[in-house]
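Listed below are the residues making up each chain.
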Amino acid sequence: HCCSRQRWRLWRRTRRIQAAMIIGVPKELFPGERRVALVPSIVPLLTKASLDVLVEPSAGESAGFPDRAYVEKGARIAISREQLFSDVDVLLQVRSPGAAGTTGIADLETLQANQTIIGFSEPLGEPEAAERVAAKGIRSFSMELIPRITRAQSMDALSSMATIAGYKAVLLAAETLPRMFPMMMTAAGTITPARVFVVGAGVAGLQAIASARRLGARVEAYDVRPAVQEQVESLGATFVELPLDTSESEDAGGYAKAQDESFLQRQREMMTRVVANSDVVITTALIPGKTAPVLVTKDMIAGMDPGAVVVDLAAERGGNCEATQADEVIVTNGVTILGPSNLPATVPYHASQMYAKNIATLLMHLVRDAALDLDLDDEITAGTLVSQNGEVVHPRVKELLQSTS
């Protein structure tokens with residue numbers, strides 16, 4: 001009788017697990033990617049909502065989260081990657097197909113129709129990948145497309161990762177620069193502070209300003225959007241004002257808009273003096289779905305002092321600096337140009353922690369009664385949904401596909 005009761009309890013527990021929507025967390029295989037989409041501390045949020053969390057073995061190890069930490073919080077560890085991809089209803093990734101290169105293509109072959117993917121997917125830069133995902137009957141949501149509205153702030157993964165990139169860019173610059181950042185009064189004389197110029201005062205730029213100021217540098221910053229001047233100055237930096245018409249510099253979402261070549265040429269001419277006087281230049285200017293604008297030319301670099309450093313946070317999209325090569329260290333005229341393409345992955349513990357909060361909040365927004373319940377009249381749901389029912393449904397991605405066909 002006792003054994004029968006134990007078997008009955010095991011059967012009921014198995015039935016509950018099988019009935020729950022399974023949320024999968026795979027290991028990121030993209031070269032250099034050390035983040036994980038979900039951290040153990042977030043698992044109870046999902047299990048409390050009757051979701052079953054399945055994690056690929058060692059998925060979080062490179063970020064500092066061992067398998068046992070997931071199990072302790074209520075997750076299950078899959079037998080293999082193949083089993084995870086076979087069993088899940090919703091897959092949470094840092095880099096889903098489109099942002100994961102050849103590893104994303106391999107994953108796509110394993111996924112099945114009616115599964116759902118949530119992650120970074122670069123739909124505006126790689127719309128063809130979104131089309132391949134749609135063709136497999138997979139529903140996909142893109143973290144890049146989170147609308148910049150108050151309700152969605154806790155889901156804004158781009159801002160979270162930009163915060164880390166801005167911070168780490170300053171540390172890279174400080175390590176590479178052959179001088180110290182702060183002013184120091186010593187018995188050997190006074191050391192003057194390093195001069196840092198930050199181009200672009202979005203989330204990454206503002207964090208770079210704050211970090212450089214904490215290290216004691218004298219900071220100047222420029223942004224094509226004059227509205228950010230107050231934010232720059234509140235951090236203790238000087239806002240560089242260039243006499244340019246910037247009335248059309250910002251889109252409805254708060255992002256900088258692409259400018260024509262004549263505007264960029266005038267901008268470069270006016271920035272030349274500031275760049276020449278800087279020990280460090282940190283560039284952060286990105287236009288969603290576009291090649292990064294070239295703001296720092298080789299001639300401008302030639303005017304900098306030997307030993308100066310440029311950290312180009314737009315390297316993955318071509319770079320703001322003409323000499324940048326993604327993930328390479330280039331030295332020209334004594335100036336070192338760094339082009340890191342994935343700085344958040346170099347701080348994987350906290351980057352994963354922040355990203356997990358963002359992606360889990362979006363997931364819970366899409367779930368009701370332990371199942372996906374999509375309200376396409378909702379701005380967040382409609383704004384992040386890229387594909388479903390075998391087709392690309394996001395208007396901007398559809399437009400890009402039509403323009404290239």
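Residues numbered from 1 in each chain as written. Predicted model: local features only at pLDDT ≥ 70, side-chain atom pairs only at ≥ 80, totals over all residues. Heavy atoms only, no water.

The next thing to look at is a nonpolar patch on the surface. A contiguous nonpolar patch, built from Tyr-167, Leu-171 and Leu-215 and spanning about 230 Å² of accessible area, is present on the exposed surface. Looking at where Tyr-167 falls in the secondary structure, it is placed in helix H7 (residues 157–176). On the basis of relative accessible area, Tyr-167 is assigned to the partly exposed category, the value being 38%. (Patch = residues over 30% accessible without salt bridge, like charges linked within 9 Å, V, L, I, M, F, W, Y side chains within 5 Å. Areas by Shrake-Rupley, 256 points an atom, 1.4 Å probe, with all protein chains shown as cover. Salt bridge = Lys/Arg side-chain N within 4 Å of Asp/Glu carboxyl O. Helix = DSSP H or I, 4+ residues; strand = E, 2+ residues; numbered from the N terminus. Buried < 20%, exposed > 50% of the residue type's maximum accessible area, 1.4 Å probe, protein only.)

To continue, consider the packing of aromatic side chains. This structure, assessed with the given rule, holds two aromatic pairs. Ring geometry for Phe-65 and Tyr-349: centres 4.7 Å apart, planes at 20°, overall stacked. Of this pair, Phe-65 sits in the loop between strand E2 (51–55) and helix H3 (67–72) while Tyr-349 is found in helix H12 (residues 348–366), placing the two residues 284 residues apart along the sequence. Relative accessible area serves as the criterion here: at 38%, Tyr-349 is assigned to the partly exposed category. Note on Phe-120 and Tyr-355: the rings are 5.3 Å apart at their centroids and 35° apart in plane angle, and the pair reads as tilted. Placement of the pair is Phe-120 in strand E5 (residues 116–120) and Tyr-355 in helix H12, with a sequence separation of 235 residues. In this structure, Arg-95 is placed above the aromatic ring of Phe-30, and the distance from its NZ or CZ to the ring centre is 4.2 Å. (Phe/Tyr/Trp six-rings, centres within 6.5 Å; stacked < 30°, edge-to-face > 60°. Lys NZ or Arg CZ within 6 Å of the ring centre and 35° of its normal.)

Now for the pairing of strand E12 (residues 280–283). Side chains Val-280 and Ile-282 project from E12 onto one buried face, and the interleaved Val-281 and Thr-283 project onto a second face that is buried too. Note: strand E9 (residues 195–199) against E12, four bridges, orientation parallel. Pairing of Val-198 across the sheet is with Ile-282, part of E12. With four bridges joining them, E12 and strand E13 (residues 309–312) adopt parallel strand pairing. Counted as the bridge partner of Val-280 is Val-309 from E13. (Pairing = 2+ DSSP bridges.)

Treat this as a map of the structure, not an account of what it does.
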